[in-house]
Each structure stands twice: as structure tokens, then as C-alpha cells.
Amino acid sequence: MALTAFIDAAAAAVQEICSCLLTTPKEVLHKRYSQGVGGDVSIGADLLCESIFYAHLASFGILDTEESGLIESPQSFLHNPFLPKTPILPKKRNIIIIDPLDGSDNFCSSIPYYGASLAYTDANGEILAALIANYCTGEIFFRDSNYQNGAVFVLRGDVVLPYTQTESMPKAGIFESAFKHGKLATVLHKNGFKSRSLGASAVSLAYTRMVSFVVYKGRLRKYDIQAGLFLCHDALLYRDKQILLLSYNRDIFNQVYDLLKEY
């Protein structure tokens with residue numbers, strides 16, 4: 001594909017994962033394992049996705065995943081039986097922050113909205129590139145500081161397109177975790193803001209340019225937000241310990257922000 005070495009490798013991993021999720025027996029994909037670093041119990045699909053990313057990306061840096069944490073010691077491999085027995089030595093001390101299966105509950109429920117989130121950082125924590133994939137549509141959203149002046153693109157099949165805002169005014173926003181915050185969801189609705197809670201927060205961040213706003217309220221984990229924030233570097237942003245709000249429309253951003261402050 002000749003984008004950048006990292007994006008090419010990550011895209012190849014995504015393509016392999018999409019195939020494996022369709023062909024691997026459900027009893028393997030749905031098997032429950034121990035609790036991952038991110039706090040959720042890992043399933044076979046989580047760990048299989050992690051192992052595929054490891055095979056494609058471990059030479060670029062140390063993987064820090066929601067399932068196994070930093071994969072750099074023998075102990076790191078105990079959580080995931082799909083990982084190779086022989087570690088792959090990274091060429092650099094860079095870190096790759098990964099949620100290998102964002103939206104695991106959607107996957108287990110056959111709801112077609114789940115994917116992956118990757119943020120590639122240098123040894124000082126500065127993000128060099130990021131990628132968010134929707135496994136269900138095959139779309140890959142990416143930004144690499146070494147590609148086309150750091151612009152944002154979407155890969156659909158073998159076609160690379162600039163990823164720009166939708167021209168028409170979006171009718172709805174995304175409110176991830178809305179089921180935990182019914183009062184706020186009601187207030188947004190009463191003030192004319194339609195929203196959807198889709199169940200995969202990292203994937204939802206990739207669609208910020210296509211919707212009126214994205215809100216997440218709850219624990220903000222690096223695995224969920226690092227890649228999305230890099231992709232949405234030019235969006236209006238509010239963030240504190242519990243709330244993340246992004247929009248490309250200033251009026252909508254200001255109105256939703258005012259409502260968030262009250263709840």
C-alpha cells in the first residue's frame with residue numbers, strides 16, 4: 001500500500017483480524033479468560049486480535065494493550081495463550097497503545113459496531129501515528145506525522161481518501177455511556193440534541209467528523225482515547241477526569257458544553 005511502514009503493518013493486521021473473526025469458531029472467540037489490564041475480563045476474540053497485532057507490530061515497539069499491558073517479559077505472555085512463545089524484539093523503545101477489540105460486548109452480541117484503536121508513541125510519549133479501525137465496515141482511519149503533513153485519511157479497501165467533515169449538518173451526535181447517565185441524555189434530548197450510544201468509544205471517536213458531537217462520560221482510559229484524540233487534533237475539545245467532548249461545530253460544542261457543566 002506504501003503509506004508508511006507502521007500504517008501498512010497495522011492495516012495488514014486489521015485485514016487479518018477481520019478474516020479471523022469471521023472464520024474462527026465461536027467457542028474459541030467467546031471463551032472467557034482472566035481480567036485484563038483495562039479492567040474487563042478478556043475473551044478469546046480480544047486475545048486473538050492482540051496476538052495478530054503483536055505479530056505485525058512488535059518490531060516497531062513495545063505493545064501496551066488493554067488485555068495484557070506491556071508485552072515485554074515472560075510474565076506478559078501468561079495472560080494470552082495466542083501469543084508466540086518466542087518474543088519479538090522491538091527495534092526501538094517506542095510504545096504502541098492498543099485496544100485490540102473495542103466493543104467486545106457488541107461483538108459477543110452480534111451487534112456490528114466494534115474495532116480497534118492504536119496510538120504509536122515515541123519513548124517520550126509523543127504520538128507519532130494513530131489508527132482506528134471499524135472491523136465491521138473495514139474502514140481504517142489513520143494519521144501519521146510522516147505522511148502527507150500529518151493529515152487525516154480513511155482507507156476503504158485499497159483506496160485512500162482524505163477524511164474531511166461531512167458537508168451537511170449531522171442530525172445526531174454520539175453519547176457513549178449514555179445508559180449510565182440517563183438524566184444528561186434526557187436533558188440533551190429536551191434541548192434538541194439527538195444522540196446514539198453505540199458501545200465502542202474508540203471507534204466512535206473516529207466518526208467525530210461525521211456527527212454533530214461525541215461525548216463520553218466515565219473513566220477515560222488511554223486505550224480508548226489516545227488514538228482518537230490524535231485523529232481529532234483539529235476538533236473543538238473539552239476534557240477533564242470524567243468527561244470528553246468533541247465537535248467540529250462551535251455552536252453545538254458550546255451548547256453541549258453548557259449542558260454538561262450542569263450534570
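Treat the numbers as computed from the prediction; the structure is a model and nothing was measured.

Conventions and cut-offs
Residues numbered from 1 in each chain as written. Predicted model: local features only at pLDDT ≥ 70, side-chain atom pairs only at ≥ 80, totals over all residues. Heavy atoms only, no water. Helix = DSSP H or I, 4+ residues; strand = E, 2+ residues; numbered from the N terminus. Rg over C-alpha atoms; globule rule 2.2 N^0.38 Å. Contact = heavy atoms within 4.5 Å. Areas by Shrake-Rupley, 256 points an atom, 1.4 Å probe, with all protein chains shown as cover. Phe/Tyr/Trp six-rings, centres within 6.5 Å; stacked < 30°, edge-to-face > 60°. Buried < 20%, exposed > 50% of the residue type's maximum accessible area, 1.4 Å probe, protein only. Expected span 1.5 Å × (residues − 1). Axes fitted to C-alpha atoms, helices over the stretch in contact; angles between N-to-C directions. Left-handed = near helix turned anticlockwise from the far one by under 90°. Nonpolar A, V, L, I, M, F, W, Y, C, P; charged D, E, K, R; others polar. Pairing = 2+ DSSP bridges.

Chemist: Help me understand the overall build of the chain in this model?
Modeler: Looking only at helices and strands, the chain has eight helices and 15 strands in total. The C-alpha radius of gyration of the chain comes to 18 Å, within 12% of the 18 Å expected for a compact globule of 263 residues. When the backbone C-alpha atoms are referred to their principal axes, the chain occupies close to 55 × 40 × 35 Å. Within the chain, contacts between residues separated by at least 24 positions form 58% of all contacts whose residues are at least 6 apart in sequence. In the structure as shown, the chain presents an accessible area of about 12,600 Å², 51% of it carried by carbon and sulfur atoms.

Chemist: Can you walk me through the packing of aromatic side chains in this structure?
Modeler: Each aromatic ring pair is described using two quantities: the centre-to-centre distance and the angle formed by the ring planes. In the structure shown here, the tally under the stated rule is 15 aromatic pairs. When the centroid spacing of 6.3 Å and the interplanar angle of 90° are considered together, the rings of Phe60 and Tyr120 count as edge-to-face. With a gap of 60 residues between them, Phe60 in the loop between α3 (44–57) and β3 (62–65) and Tyr120 in strand β6 (residues 115–121) connect regions that are remote in the sequence. On the basis of relative accessible area, Phe60 is assigned to the buried category, the value being 18%. Overall, the relative accessible area of 9% leaves Tyr120 in the buried class. Their ring planes at 65° and their centres at 5.0 Å tell us that Tyr238 and Tyr257 sit as a pair that is edge-to-face. With a gap of 19 residues between them, Tyr238 in strand β14 (residues 236–239) and Tyr257 in helix α8 (residues 250–262) connect regions that are remote in the sequence.

Chemist: Where do I start with helix α1 (residues 5–23) in this structure?
Modeler: Quick reminder: α-helices carry 3.6 residues per turn. Residues three or four places apart thus point the same way. Helix length check: α1 (19 residues) gives 27 Å between terminal C-alpha atoms against 27 Å at 1.5 Å per residue, within 8%. What α1 keeps buried is the set Phe6, Ile7, Ala9, Ala10, Ala11, Ala13, Val14, Ile17, Cys18 and Leu21.

Chemist: How should I be thinking about unusual backbone geometry in this particular structure?
Modeler: In terms of backbone geometry, most residues other than glycine have negative phi values and most peptide bonds are trans. The phi torsion at Ser110 lies on the positive side, around 60°, for a residue other than glycine. Judged by its relative accessible area of 59%, Ser110 falls in the exposed class. Phi is positive for Gln148, close to 50°, though the residue is something other than glycine. Along the chain, the position of Gln148 falls in the loop between β8 (140–144) and β9 (152–156).

Chemist: Would you take a moment to explain the packing of helix α5 (residues 182–190) against α8 for this structure?
Modeler: A pair of packed helices can be characterised by two numbers: the angle between their axes and the separation between those axes. Viewed as axis vectors pointing N to C, α5 and α8 meet at an angle of 145°, and their least axial separation amounts to 10 Å. Along this stretch, α5 crosses α8, giving a crossing that reads as right-handed. Counted together, Leu184, Val187 and Leu188 of α5 and Val256, Leu259 and Leu260 of α8 form the full contact between these two elements. Among the residues forming the contact of α5 with α8, the class breakdown is six nonpolar, no polar and no charged.

Chemist: Would you take a moment to explain the sheet that holds strand β5 (residues 95–102) for this structure?
Modeler: Pairing between the strands of a sheet is mediated by backbone hydrogen bonds and can be parallel or antiparallel. Pairing is mixed in the open sheet, where eight strands are placed in the order β4-β3-β5-β6-β7-β8-β9-β10. The strands lining the two open edges of the sheet, one partner per strand, are β4 (69–70) and β10 (159–162). Relative to β10, β9 runs antiparallel, the two being bridged by four bridges. Bridging from a neighbouring strand, Val154 pairs with Leu161 of β10. Contacts from α3 reach β3, β5 and β6 within the one sheet, and its direction differs from that of β5 by about 145°. The sheet strands contacting helix α7 (residues 222–231) are β3, β4, β5, β6, β7 (127–134), β8 and β9, and the helix crosses β7 at an angle near 105°.

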